[in-house]
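Each chain, letter by letter, is given below.
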Amino acid sequence: QSHNIPFHHHIIIFWKDLKTMTATADPVYPQDPEKEPVELTEENSRKKRPTNSTHFGDVDFEEEDAAEIGDATWAEVGQACCVHTPMEWGKVFIGVCGAFFFLYFFLFSLELLGNSAKVLGGCTAGGIMGDNVNPVAALVIGELATALVQSSSTTTSIIVSLVGSDAVSINTGIYMIMGANIGTSVTNTIVAMGQMADGIQLERAFAGATVHDLFNLLSVAVLFPLELISGYLFRLTRAMLPESVADDDKWVGPIKKIVSPLAGRVLKANKNVIKEIATGKVENCEAYYPVFCVGGIEDYKSCANKCGDGEEKGVDCGRVGLITCDKKYGCPAFFQNGATKQDDSIAGGVCMVLALVFLLVCLLGLVNVLQRGLMGMSTRIIYKATNVPGIFALVIGAAVTVLVQSSSITTSVLTPLVGLGVIQLEQMLPLTLGANIGTTVTGLLASLVSDSVAALQVALCHLFFNISGIIIWYPIPFMRKIPLNGARELGKWTRRSKAIPPIYIITVFFICPLLLLGISELFVQQKVGWTVLGTIIVLAVLLGIIRFAWFWKRQEGRAQFIACLDKRTSRNAALTALPEDMQFLKSKVAQLAEHTGLPEDEEVDEEKAEGTDDAEAEPEAVAEEAEEQA
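Here the structure is a predicted model, which means the values were calculated and not measured.

Caption draft 1: Highlighting the packing of helix 8 (residues 199–230) against helix 20 (residues 500–523). Contact geometry for helix 8 and helix 20: axes closest at 13 Å, N-to-C directions at 15 degrees. Viewed along their axes, helix 8 and helix 20 adopt a mutual orientation that is roughly parallel. Crossing hand, helix 8 versus helix 20: left-handed. On helix 20, the residues touching F206, T210, D213 and L217 of helix 8 are P501, Y504, V508 and F509. A per-class count over the contact of helix 8 with helix 20 returns six nonpolar, one polar and one charged.

Below is the structure:
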């Protein structure tokens with residue numbers, strides 16, 4: 001019967017069937033056409049298990065909602081953890097060794113990344129931190145400096161030192177500390193981008209990273225104006241101060257002692273550059289160059305040792321720039337005698353690229369090892385083992401951060417676990433809040449090195465700022481849902497478009513702070529024109545925010561934005577699959593042509609060519625016939 005249907009009708013019917021098939025597909029998460037359906041069994045699906053429990057590695061793992069996960073007993077947790085065959089224990093041992101291997105180099109990558117950031121941004125960070133500025137500018141400077149050097153511990157220690165040396169006021173130091181709290185969360189947000197290969201893992205990891213961002217931003221949004229109006233933190237900490245502070249040695253965490261030696265042999269940043277430029281001891285970075293080592297010998301004594309009385313740096317004793325030597329391990333691989341500032345900056349840039357590559361490779365390796373280790377493990381057991389009360393999670397986060405001396409490291413290690421589904425977002429929030437508390441220990445220890453009571457006051461302000469934020473946003477369930485729901489929403493957006501994470505990082509940590517800094521500077525010029533211009537810009541920004549909120553809530557702006565992301569994702573998926581789709585269409589058209597008995601394309605071309613030759617020959621024949629008749 002199909003021989004009686006015209007060929008173009010076959011094409012129309014086929015096109016309608018194709019449109020019907022594609023209309024039912026998910027435009028955001030399209031199914032792989034080459035992926036054959038997997039038969040569901042008790043080994044790979046919860047639907048076939050009597051317990052109805054989901055295991056890691058199941059084909060329907062993502063279909064289970066967190067609310068559906070049942071509660072396991074501690075006996076089940078103990079059995080899953082400790083009852084194994086000798087072969088399984090061998091696999092566990094290999095997996096643990098692999099996890100520690102990748103974890104060590106993951107921490108090494110973070111340390112190297114921090115050193116590289118200090119080399120590249122040290123001069124800039126020191127320059128912007130050195131003056132008493134208005135509160136908004138101080139907030140932005142603290143955030144930008146932390147984002148540049150990739151370490152809130154470094155920034156807070158420098159701020160405490162600046163206050164202790166009377167380079168900046170206590171109030172300015174308080175606002176800088178608030179900004180440092182925002183900037184510290186950029187590292188784990190970058191780490192979340194390492195799971196871009198898997199959209200589902202990226203969604204969870206980015207939500208786990210941004211819940212830290214949102215908490216810090218919300219805390220600043222409440223406590224910054226409160227401090228401006230009432231001086232709450234200043235007055236609270238001043239009432240707690242002793243008359244003097246005794247000197248003490250600086251404490252270094254055990255993890256730092258394990259990771260720093262290897263990172264220090266590759267690149268070691270000179271933190272004194274930031275401090276000395278910020279305090280005004282040195283005008284700019286040019287004073288540190290060219291690098292000079294006595295006798296051309298590249299070691300700590302010849303290059304980085306302190307000058308004695310009457311000795312001139314760079315002539316009688318060594319001089320180092322942004323890259324320095326270690327007293328115990330000597331000069332790093334990227335140290336160079338006679339180097340200029342440009343040489344050190346190039347070395348810092350190369351090390352940053354290497355650190356990011358190492359970070360990505362170690363993250364992928366760590367995730368892969370953890371996935372293999374969790375394969376077949378019930379989610380009921382995993383969530384039972386990780387679902388600790390919030391107060392205990394806070395204590396754990398604080399204790400781990402004190403050990404590693406970096407909240408960035410703590411949250412960066414936890415972020416991949418959230419991406420894998422091992423830790424739920426509700427557990428990630430108190431762990432990061434504990435990390436915020438733990439990171440204040442660095443500032444407190446820095447204040448003990450100084451004999452300044454003002455330095456201790458700023459360090460205490462850092463502690464009570466984080467405690468106040470926790471009291472506001474965590475104990476009440478309704479308030480706790482604000483950062484949690486915001487992080488979930490951001491995670492869903494990243495699943496629709498992988499351009500969201502870099503746009504988010506650039507906008508939140510750089511563009512918005514720079515705009516605030518620019519606007520605040522208009523009001524401190526003490527010129528009527530600049531003040532009027534700043535007022536107009538502030539009013540325009542407020543009206544823009546109100547208009548955007550109205551559009552987002554009342555005019556279905558959110559739905560339009562998500563539809564736009566879906567459309568973009570569908571278009572990109574269609575372009576990616578276009579070559580395969582064209583081959584598929586060609587094969588189907590060839591089958592239809594064979595089925596209907598239509599000639600092949602080559603035969604059609606030959607007929608067209610013959611027709612063209614006949615058409616060209618016909619006028620010549622008519623002309624010859626006319627001549628004969630004449």
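Caption draft 2: Structural context of the state of the cysteines. Enumeration over the complete set of coordinates arrives at three disulfides. Residue C307 pairs covalently with C317 via a disulfide, S to S 1.6 Å. Between C307 and C317, the disulfide has an S-S torsion of 75 degrees and is therefore right-handed. Here C317 lies in the loop between helix 12 (300–303) and helix 13 (341–374) and C307 lies in the loop between helix 12 and helix 13, a separation of 10 residues in the sequence. Given the relative accessible area of 27%, C307 is considered partly exposed. Sulfur-sulfur distance for the disulfide between C325 and C331 comes to 2.0 Å. Note on the C325 and C331 pair: the S-S dihedral is about 85 degrees, so by sign convention the disulfide is right-handed. C325 sits in the buried class, given a relative accessible area of 3%.

Caption draft 3: View of the environment of C325. Secondary-structure assignment places C325 in the loop between helix 12 and helix 13. A C-alpha to C-alpha distance of 6.7 Å links C325 and K268, two positions 57 residues apart in sequence. Every residue in contact with C325, bar those within four places of it in the chain, is listed here: K268, D299, Y300, C303, A304, G330, C331, P332 and F335.

Caption draft 4: Layout of the packing of aromatic side chains. One pass over the structure, following the stated rule, counts 12 aromatic pairs. Consider the rings of Y104 and F105, whose centres lie 5.3 Å apart with planes at 90 degrees: the pair is edge-to-face. Y104 sits in the partly exposed class, given a relative accessible area of 25%. A relative accessible area of 24% places F105 in the partly exposed class.

Caption draft 5: A positive patch on the surface, seen in detail. Side chains of K281, K306, K313 and K327 sit close together on the surface and give a patch of like positive charge. Counting through the fold element by element, K313 comes out in the loop between helix 12 and helix 13. Given a relative accessible area of 46%, K313 falls into the partly exposed group.

Caption draft 6: Broad picture of the environment of I159. By the secondary structure assignment, I159 is in helix 5 (residues 152–164). In the structure, I159 is positioned 21 residues away from A180 in sequence and 9.6 Å away in space, judged by C-alpha atoms.

Caption draft 7: Focus on the pattern of salt bridges. Under the defined criterion, the tally for this structure stands at five salt bridges. For K268, the salt bridge goes to D326, with nearest N and O atoms at 3.6 Å. A residue pair is termed long-range when its members are at least 10 positions apart, and K268 in the loop between helix 10 (254–266) and helix 11 (271–278) and D326 in the loop between helix 12 and helix 13 qualify at 58 residues. For K268, a relative accessible area of 27% translates into the label partly exposed. The exposure class of D326 is buried, given its relative accessible area of 17%. Between R496 and D566 there is a salt bridge whose closest N-O contact spans 2.7 Å. Taken as a pair, R496 in helix 19 (residues 477–496) and D566 in helix 22 (residues 557–596) lie far apart in primary sequence, 70 residues in all. Neither residue differs from the other here; R496 and D566 are each classed as buried.

Reading guide: rules and limits
- Residues numbered from 1 in each chain as written.
- Predicted model: local features only at pLDDT ≥ 70, side-chain atom pairs only at ≥ 80, totals over all residues.
- Heavy atoms only, no water.
- Axes fitted to C-alpha atoms, helices over the stretch in contact; angles between N-to-C directions.
- Helix = DSSP H or I, 4+ residues; strand = E, 2+ residues; numbered from the N terminus.
- Parallel < 35°, antiparallel > 145°, perpendicular 65-115°, else oblique.
- Left-handed = near helix turned anticlockwise from the far one by under 90°.
- Contact = heavy atoms within 4.5 Å.
- Nonpolar A, V, L, I, M, F, W, Y, C, P; charged D, E, K, R; others polar.
- Disulfide = S-S within 2.5 Å.
- Buried < 20%, exposed > 50% of the residue type's maximum accessible area, 1.4 Å probe, protein only.
- Phe/Tyr/Trp six-rings, centres within 6.5 Å; stacked < 30°, edge-to-face > 60°.
- Patch = residues over 30% accessible without salt bridge, like charges linked within 9 Å, V, L, I, M, F, W, Y side chains within 5 Å.
- Areas by Shrake-Rupley, 256 points an atom, 1.4 Å probe, with all protein chains shown as cover.
- Salt bridge = Lys/Arg side-chain N within 4 Å of Asp/Glu carboxyl O.
- Lys, Arg positive; Asp, Glu negative; His and termini not counted.
- Charge placed at Lys NZ, Arg CZ, Asp CG, Glu CD.

Everything listed here is a matter of coordinates, which is why it stays silent on function.
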